[in-house]
Amino acid sequence: MGDPLTARDDAAEALGMVARAAGPYLAALPHQPVRDRTHAHLLKELDGPLPEDGDGTMTAVSDLLRIGTRAATHSSGPRFFHFVVGGATPAAQAGDWVTSLLDQAAGLWLTSPLAAQAETTVLRWLKEMFGLPAGHGGVLTPSATFANLTGLACARHWWAGRHGVDVTADGLAGLPRMPVFSSGYVHASSRKALQLLGLGRDTVRTVTRDDAGRLDVAALDRLLADTGPAVLIANAGEVNAGDFDPVDEMADLARRHGAWLHVDGAFGLFAALSPHTAHLVRGIERADSLAADGHKWLNVPYESGFAFVREPSALGRAFGSWNAAYLPEPDDEFINYNNLGPESSRRARALPIWATLRAYGRSGHRAMVERHRDLAVRLGDAVRDSADLELLAPVNLFVVCFRYRPPGVPKADLDELNRRLGEELVADGRVYAGTTTYRGVVALRPAIVNWRTTADDIDLLVSVVREIGGRLVDRT
C-alpha cells in the first residue's frame, strides 16, 4: 500500500467509518460491562512484526475499531468507579474529534491563533466557574500531575529567588533543600512533580493530627515560624475518602509566614460549582497556584489539566526564555502558551473544554456535580443500611469509602477478604471498584464522576459487591 500520499482520498472515508461505529458503541456503553474478558484474546492481534508495505487505511482502521470496541476497558461508561475517571460529554467528545481533525500546533500564536484564542477563553471561563480572580494567569496541561508540576515549578522559582538565585537559568546547585509541608492527604502526583523538579519525592513533610492524615494546623504554624520561605501543598479533595484540607486556614498561615500556597485540586476544585459543597474549597482564591484535571469531573477526554497562578508572570519566569532564535519572543498581546508551561509541542486541548463549557454552561456542570454528590449519598446510605457493609468515612463529595464486613468473619480476616473482593470485582467486569488502604484497613473507594452514571448503576455496584463478597465467604 506504501506512501500515505497515495491514500490521501481515504481520509474522509476512514473518519466516516469511525463515525458509523460510534453510534452503536455509544448506545451500548451504558449497558455493557466495564471490561469483557471474553474479548481479551483480541489484544494479541495488535502485536506482530512491523508491516513492510502495510495493509492500507481502511483495513488498519477497520481492525482497530473491531479490536478496540470489544477489547477496550470501557472506562468512559457509567460503572467505572475504580479511579477518579470521568467520561466525555457529547460536546467534549465531538470537540476532541475536531481537535484531531484540525491537528493544530497549539504552542504558538503564530502556528495557531485558533488554539491560542480557545485556550485563553477557556482559562477565563474556568476561573469564572471556580470563583478565581480574573487576574490569575493560567495554562492548560496534559493532566493534574503536569498542572502540579507547573504550579510547583513557579513555587520553586519564587523560593530560589528568596535565596538570590534564578533557578531557571542556574539550577538548584548551592541552594538548601526547599521546605515543603502538607497534610497526610498529599497525593503521589505532587510528590512526582517535586521529584521531576529535582526537589525530591520524599521532601514533603506531612504534619498530621490523626491516622487519617488530617492536617495539624497549630503544629504547622509552629514549624513555619522557624523555617523561613516554604511551600505549602493544600489538598482540595483526598482520593481515599474525599476529604479536604482547610485551605482557608492554610492561606492564613501562608500570609502570616510568607509562604507559597499551592492547591492540588485535581477534582476538588469543582466543589466550588455548587452552594452545597463550595465551603469545602473556601480560600482557593487566596492560593499562589492551583492545579486541577479536566478529564476527571469536567468530563472531557484524556489528556486534560489546567494550572493557575496568582502572579501571571510567574509562569513565564519558570518556563520561558529559551534563547532559541527561531522561536518568537514572548508577547503580551499574542500569547505563546509553550512559554507558560512544561510542554513545547502541544495539541489544541482547549477545544473539547470550549465545546463542553459552551454546550452546557455553568448550570449544566453544576447539575452534574450535584447529581454525583446525591448518588454518592445514595451509595453511602445503602452501605449504612446493609448488615454486611461498613462505611469508613463521611460522604463529603463523590468518593464513598467502605468495606465488606459480613457477620461472623473475624476482624483479622477482613483485610484479606476485601483485597480479594477488589480483585474479583475487576475480574468480574460488571463494575470496576478497586481497593485502597484507609486508616490502616483495606477498603473499597468507588468514585462517582461520570456524566452517564445513574442510580441504577449505583444499585448494581452494591448488588455486585454483596454477591461477590458472599461468594468469597462461602468458599472459606
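Reading the values: the criteria
Residues numbered from 1 in each chain as written. Predicted model: local features only at pLDDT ≥ 70, side-chain atom pairs only at ≥ 80, totals over all residues. Heavy atoms only, no water. Salt bridge = Lys/Arg side-chain N within 4 Å of Asp/Glu carboxyl O. Helix = DSSP H or I, 4+ residues; strand = E, 2+ residues; numbered from the N terminus. Buried < 20%, exposed > 50% of the residue type's maximum accessible area, 1.4 Å probe, protein only. Contact = heavy atoms within 4.5 Å. Pairing = 2+ DSSP bridges. Axes fitted to C-alpha atoms, helices over the stretch in contact; angles between N-to-C directions. Left-handed = near helix turned anticlockwise from the far one by under 90°. Nonpolar A, V, L, I, M, F, W, Y, C, P; charged D, E, K, R; others polar. Core = buried A, V, L, I, M, F, W, Y, C linked by side-chain atoms within 4.5 Å. Patch = residues over 30% accessible without salt bridge, like charges linked within 9 Å, V, L, I, M, F, W, Y side chains within 5 Å. Areas by Shrake-Rupley, 256 points an atom, 1.4 Å probe, with all protein chains shown as cover. Parallel < 35°, antiparallel > 145°, perpendicular 65-115°, else oblique. Phe/Tyr/Trp six-rings, centres within 6.5 Å; stacked < 30°, edge-to-face > 60°.

1. What to know about the pattern of salt bridges
Logical step 1: Enumeration over the complete set of coordinates arrives at 26 salt bridges.
Logical step 2: Salt-bridge contacts for Glu45 lead to Arg66; the nearest nitrogen and oxygen are separated by 2.7 Å. Remark: Arg66 occurs in helix α2 (residues 57–71) and Glu45 occurs in the loop between α1 (11–28) and α2; sequence separation between them is 21 residues.
Logical step 3: With a relative accessible area of 31%, Arg66 lands in the partly exposed category.
Logical step 4: A salt bridge links Arg209 to Asp210, with the shortest nitrogen-to-oxygen separation between them at 4.0 Å.
Logical step 5: Residue class for Arg209 comes out exposed when judged on its relative accessible area of 55%.
Logical step 6: You can call Asp210 partly exposed: its relative accessible area is 21%.

2. Description of the side chain of Thr203
Logical step 1: Within the fold, Thr203 resides in the loop between α7 (188–196) and β3 (204–206).
Logical step 2: Judged by relative accessible area, which is 10%, Thr203 ranks as buried.
Logical step 3: If we ignore the near neighbours within four places in the chain, the residues touching Thr203 are Arg177, Met178, Val180 and Leu194.

3. Some details on the pairing of strand β7 (residues 305–309)
Logical step 1: In terms of residue burial, β7 counts as a mostly covered element, since five of its five residues are buried.
Logical step 2: Neither face of β7 is exposed, since Gly305, Ala307 and Val309 on one face and Phe306 and Phe308 on the opposite face are all buried.
Logical step 3: Two elements, strand β1 (residues 137–141) and β7, share five bridges in a ladder whose sense is antiparallel. Bridge pairing links Leu140 to Phe306 in β7.

4. Some points on the packing of helix α3 (residues 90–102) against helix α11 (residues 350–384)
Logical step 1: Where α3 contacts α11, the axes come no closer than 7 Å and their chain directions differ by 145°. The element α3 and its partner α11 pack so that their crossing is right-handed. Each of Pro90, Ala91, Ala92, Gly95, Asp96, Val98, Thr99 and Leu102 in α3 lies in contact with α11, whose residues at this interface are Leu351, Pro352, Ala355, Thr356, Ala359 and Tyr360.
Logical step 2: Considered class by class, the residues forming the contact of α3 with α11 number 10 nonpolar, three polar and one charged.

5. Regarding the pairing of strand β4 (residues 231–235)
Logical step 1: Buried residues dominate β4, accounting for five of its five residues.
Logical step 2: Both faces of β4 are covered, namely the face carrying Val231, Ile233 and Asn235 and the face carrying Leu232 and Ala234.
Logical step 3: In this sheet, β4 lies alongside strand β2 (residues 180–182) in parallel orientation, the contact comprising three bridges. Bridge assignment links Phe181 to a residue of β4, and that residue is Leu232.
Logical step 4: Pairing between β4 and strand β5 (residues 260–264): five bridges, direction parallel. Residue pairing across strands places Val231 opposite Trp260, the latter belonging to β5.

6. Remarks on the nonpolar core
Logical step 1: Core analysis: the largest hydrophobic core is formed by 116 residues, its most contacted members being Phe130, Leu232, Val263, Phe306 and Phe398.
Logical step 2: By size, the runner-up hydrophobic cluster in this structure holds seven residues, among which are Tyr185, Ala241, Cys401 and Tyr438.

7. Regarding a nonpolar patch on the surface
Logical step 1: Taken together, Leu15, Val98, Leu101, Leu102 and Leu114 make up a surface patch of nonpolar side chains, about 450 Å² in accessible area.
Logical step 2: Among the elements that take part in the nonpolar patch, α3 stands out by supplying three residues, more than any other.
Logical step 3: Here Val98 lies in helix α3.
Logical step 4: Classification of Val98 by relative accessible area gives partly exposed; the value is 39%.

8. Focus on the packing of helix α4 (residues 113–130) against α11
A pair of packed helices is captured by two measures, namely the crossing angle of their axes and the spacing between those axes.
Logical step 1: One way to put it is that α4 packs onto α11 with a least axis distance of 9 Å and a crossing angle of 30°. Relative to α11, α4 is oriented roughly parallel. Like other packed secondary-structure pairs, α4 and α11 cross with a definite hand, here left-handed. When α4 is examined against α11, the residues Ala118, Glu119, Thr121, Val122, Trp125, Leu126, Glu128 and Met129 are found in contact with a partner set consisting of Ala350, Leu351, Ile353, Trp354, Leu357, Arg358, Arg362 and His365.

9. Section: the packing of aromatic side chains
Logical step 1: Taken as a whole and assessed by the stated rule, the structure comprises nine aromatic pairs.
Logical step 2: With centroids separated by 6.1 Å and ring planes inclined at 35°, the aromatic side chains of Phe130 and Phe306 adopt a geometry described as tilted. Placement of Phe130 in helix α4 and of Phe306 in strand β7 is noted, with a sequence separation of 176 residues between them.
Logical step 3: Since its relative accessible area comes to 0%, Phe306 is described here as buried.
Logical step 4: On the basis of an interplanar angle of 75° and a centroid distance of 4.7 Å, the ring pair of Trp297 and Phe398 is categorised as edge-to-face. Residue Trp297 is located in the loop between β6 (289–293) and β7, and its partner Phe398 is located in the loop between β8 (389–391) and β9 (402–404); the two are separated by 101 residues in the primary sequence. The residues Trp297 and Phe398 share a single accessibility class, namely buried.
Logical step 5: Linked through ring pairs, Phe130, Phe270, Phe306 and Phe308 together constitute an aromatic cluster.

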